[in-house]
Amino acid sequence: MAIWKVSFAAVVVGLTMVVECGVVAADMFYSSKLVHRFSDEVKKLRVSRNGEVWPQHRSLEYYGRLMSSDLQRQKMKLGPQFQLLFPSEGSKTMPLGNDFGWLHYIYIDIGTPTVSFLVALDAGSDLLWVPCECVQCAPLSASYYSSLDKDLNEYNPSGSSTSKFLSCSHQLCELGSNCKNPKQPCPYTVNYVSDDTSTSGVLVEDILHLASGSRMTANSSARAPVIFGCVPLSNLCGSKQTGGYLNGVAPDGLLGLGPGEISVPSRLAKAGFVRNCFSLCFKEDDSGRIFFGDQGPATQQITSFLPSDGQFVTYLVGVESCCVGSSCIEQTNFKAIVDSGTSFTFLPDQIYDRVVKEFDREVNATKASFEGYPWQYCYKSSSEGLPKIPSFTLKFMTNSTFIVQDPVFVIYGSQGAVGFCLAVEPSGIDIGTIGQNFMTGYRMVFDRENLKLGWSLSDCQDLTDSNKLPMTPANGSSPNSLPTEQQNSPNSSGVAPAVAGRTPSKSAAPTNRRISFKLCLTKLLFPLLLVSSNFRQSMHTLTL
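*Asks:* Even after reading the chapter, I still don't get the overall build of the protein chain, so can you show me in this structure?
*Replies:* Secondary structure assignment for the protein chain yields 8 helices and 32 strands. Burial statistics for the protein chain: of 544 residues in total, 54% are counted as buried. A separation threshold of at least 6 residues defines the contact pool for the protein chain, and within that pool the share at least 24 residues apart is 67%. For the protein chain, the computed accessible surface area is about 24300 Å², with 51% contributed by carbon and sulfur atoms.

*Asks:* Teacher, can you tell me more about the environment of Y145 here?
*Replies:* By the secondary structure assignment, Y145 is in the loop between β8 (128-136) and β9 (164-165). You can call Y145 buried: its relative accessible area is 5%. Along the chain, Y145 and D99 lie 46 residues apart, while their C-alpha atoms are 6.8 Å from each other. Among the polar contacts made by the side chain of Y145, one reaches the main-chain carbonyl oxygen of P139 at a distance of 2.5 Å.

*Asks:* Explain the state of the cysteines to me, please; I cannot follow it from the model alone.
*Replies:* Working definition of a disulfide: a covalent bond connecting the sulfur atoms of two cysteines. The final tally for this structure, using the stated rule, is 6 disulfides. Two residues, C168 and C179, share a disulfide whose sulfurs are 2.0 Å apart. Note on the C168 and C179 pair: the S-S dihedral is about -70°, so by sign convention the disulfide is left-handed. Of the two residues, C168 sits in the loop between β9 and β10 (187-191) while C179 sits in the loop between β9 and β10, which places them 11 residues apart along the sequence. Summarising the burial analysis for this pair, C168 and C179 share the class buried. The partner cysteine of C173 in its disulfide is C186, sulfur to sulfur 2.1 Å. Because the sign of the S-S torsion sets the handedness, a value of about 100° for the bond joining C173 and C186 places this disulfide among the right-handed ones. Separated by 13 residues along the polypeptide, C173 in the loop between β9 and β10 and C186 in the loop between β9 and β10 bring together distant segments of the chain. Of the two residues, C173 and C186, both sit in the buried class. C323 supplies the cysteine sulfur nearest to C322, a cysteine that is in no disulfide, at a spacing of 7.4 Å.

*Asks:* Is there a simple way to explain the sheet that holds strand β22 (residues 378-380) in this structure?
*Replies:* Within a beta sheet, neighbouring strands are joined by backbone hydrogen bonds and run either parallel or antiparallel to one another. Within the open sheet, the 4 strands sit side by side as β21-β22-β27-β26. Their pairing is antiparallel. Each of the sheet's edge strands pairs with one partner strand only, and the pair in question is β21 (367-368) and β26 (408-413). Here β26 runs beside strand β27 (residues 416-422); their pairing, made up of 6 bridges, is antiparallel. Bridge pairing in β27 places V410 opposite F420.

*Asks:* Where do I start with the environment of G253 in this structure?
*Replies:* Mapped onto the fold, G253 is located in the loop between α3 (243-248) and β13 (254-256). Its relative accessible area of 0% is what places G253 among the buried residues. Sequence separation between G253 and V231 is 22 residues, and the spatial gap between their C-alpha atoms is 8.8 Å. Aside from chain neighbours lying at most four places away, what touches G253 is L118, V119, A120, W129, V130 and P131.

*Asks:* Explain helix α5 (residues 349-362) here, please?
*Replies:* The terminal C-alpha atoms of α5 lie 20 Å apart, and with 14 residues this matches the ideal 20 Å at 1.5 Å per residue to within 8%. Taken residue by residue, α5 has I351, Y352, V355, V356, E358, F359 and E362 as its buried positions. End-on view of α5: buried residues confined to an arc of 160°, all on one side of the axis. Those residues of α5 that are exposed and angled more than 90 degrees off the buried face are Q350 and K357.

*Asks:* Help me understand the pairing of strand β30 (residues 442-447), please; the structure alone is not making it clear to me.
*Replies:* Regular strands place their side chains on alternate faces of the sheet. Burial of β30 is extensive: 6 of the 6 residues sit out of reach of the surface. Because side chains alternate across β30, one face comprises the buried residues Y442, M444 and F446, and the other comprises R443, V445 and D447, equally buried. The antiparallel pairing of β30 with strand β31 (residues 452-457) creates a hairpin that spans 4 residues between the two strands, and L451 there sits at a positive phi of about 55°.

What counts as what
- Residues numbered from 1 in each chain as written.
- Predicted model: local features only at pLDDT ≥ 70, side-chain atom pairs only at ≥ 80, totals over all residues.
- Heavy atoms only, no water.
- Helix = DSSP H or I, 4+ residues; strand = E, 2+ residues; numbered from the N terminus.
- Buried < 20%, exposed > 50% of the residue type's maximum accessible area, 1.4 Å probe, protein only.
- Contact = heavy atoms within 4.5 Å.
- Areas by Shrake-Rupley, 256 points an atom, 1.4 Å probe, with all protein chains shown as cover.
- Polar contact = N/O pair within 3.5 Å; in protein donor to acceptor, adjacent residues only side chain to side chain.
- Disulfide = S-S within 2.5 Å.
- Pairing = 2+ DSSP bridges.
- Expected span 1.5 Å × (residues − 1).
- Arc of directions from axis to C-beta.

The following block contains the structure:
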């Protein structure tokens, strides 16, 4: 006769339900015990695991937490207030060249009165942070940078009437148990794997100013409370911060867009402002857009996010195979992080070797090397200009395909284009990174509600004007066409269909550009996030 018994706990509304189940022969019985979320039973579990500061029964904080939870539930029932939101200074992002690490930036307004910050967009981390009463930060004067027309700002908590420090007793203060006083400001630290690379300070709550021009709420605005790092001491990319590159990347802050509870998309969704999703769009002229609440068009292609150790701590996807030209190469399946904070794309070493060899076989150009550029597979251009570039396609486990619109980086000299490089590097680990260069030409939708990544071809128009973006190229061809499903052998002589590589206008093309992004990027793979928010260990490839 089989006899067993299992006990487990589940949260039901505001109560914790302890359930005992058993089977005796063919008969099954259930019993349950309901306890309050702030009961002694739950306190023993939560405090012992997380070091959480517990509200005293029937205290002001006790009822405040209950009321806050009730308000959040009401907002969830009513649905989001806005269809789309974007920073109050506009949805358009901007690249600022080599001085700023080739990342995309956007101005955001924080506080009362508002102060603007030029922050880097980073889907590979969670925390929004800005310089604050700096002791050792990057230069903020516009004269230091070639691409700025106004000085950058510092955040002053005492200068904003809506600013308040997050206390050590707050549920998002993971280092709260280390505080001497639960009412003191919550400290945080973000440590990266590389030596002497971290940011630290205190967590602050203030107002992020947003706008919405959608058809549902024309030209309205939103004041969203967000939590961010106030960084009095920043030593990103090394404590010395020597050289123009190390001094220039994200000097005025960084907007983490990751799935963590403290990130801006998470806070906006939890407060009921928008759906739990956002989109990034990067155009071929290096401009772009960001929209919070964007779930993308119904016609977009999708693939699922994958958990890491059972948790969704980063935007991880599964690539089934890589296709170059007409050939999908054998044994090229891998996992990759989708990260706007990485300028270029990295493949696991074995995958990289197979892909670049096939690209080299199919490209009709002479191999070359260019001083100051990190890529290994570079080629000369002819007197007639750039040759046709073999197409590069990622095939996902959901049978969706992602045709890379711009897999090469064009190198310019005084007389125009002198060559190009396949802008892909080996990662040195078994996980790759899909960086900004592969996202170019697409509206990338990070659907956190449904744990899906979506993409559709786009010219990155303002969604609040047209409410949708074009889904197909101008010539009407399908964005989903996949190269022939043939397996390529080393001796194969098949010729791939080709697509033209991107050729920026001469006016926009700098002379003899040098790429210094790799100095920090390869060191920052897999940072250990030890922050005083609800961070977890995460994989991240931030180009800082």
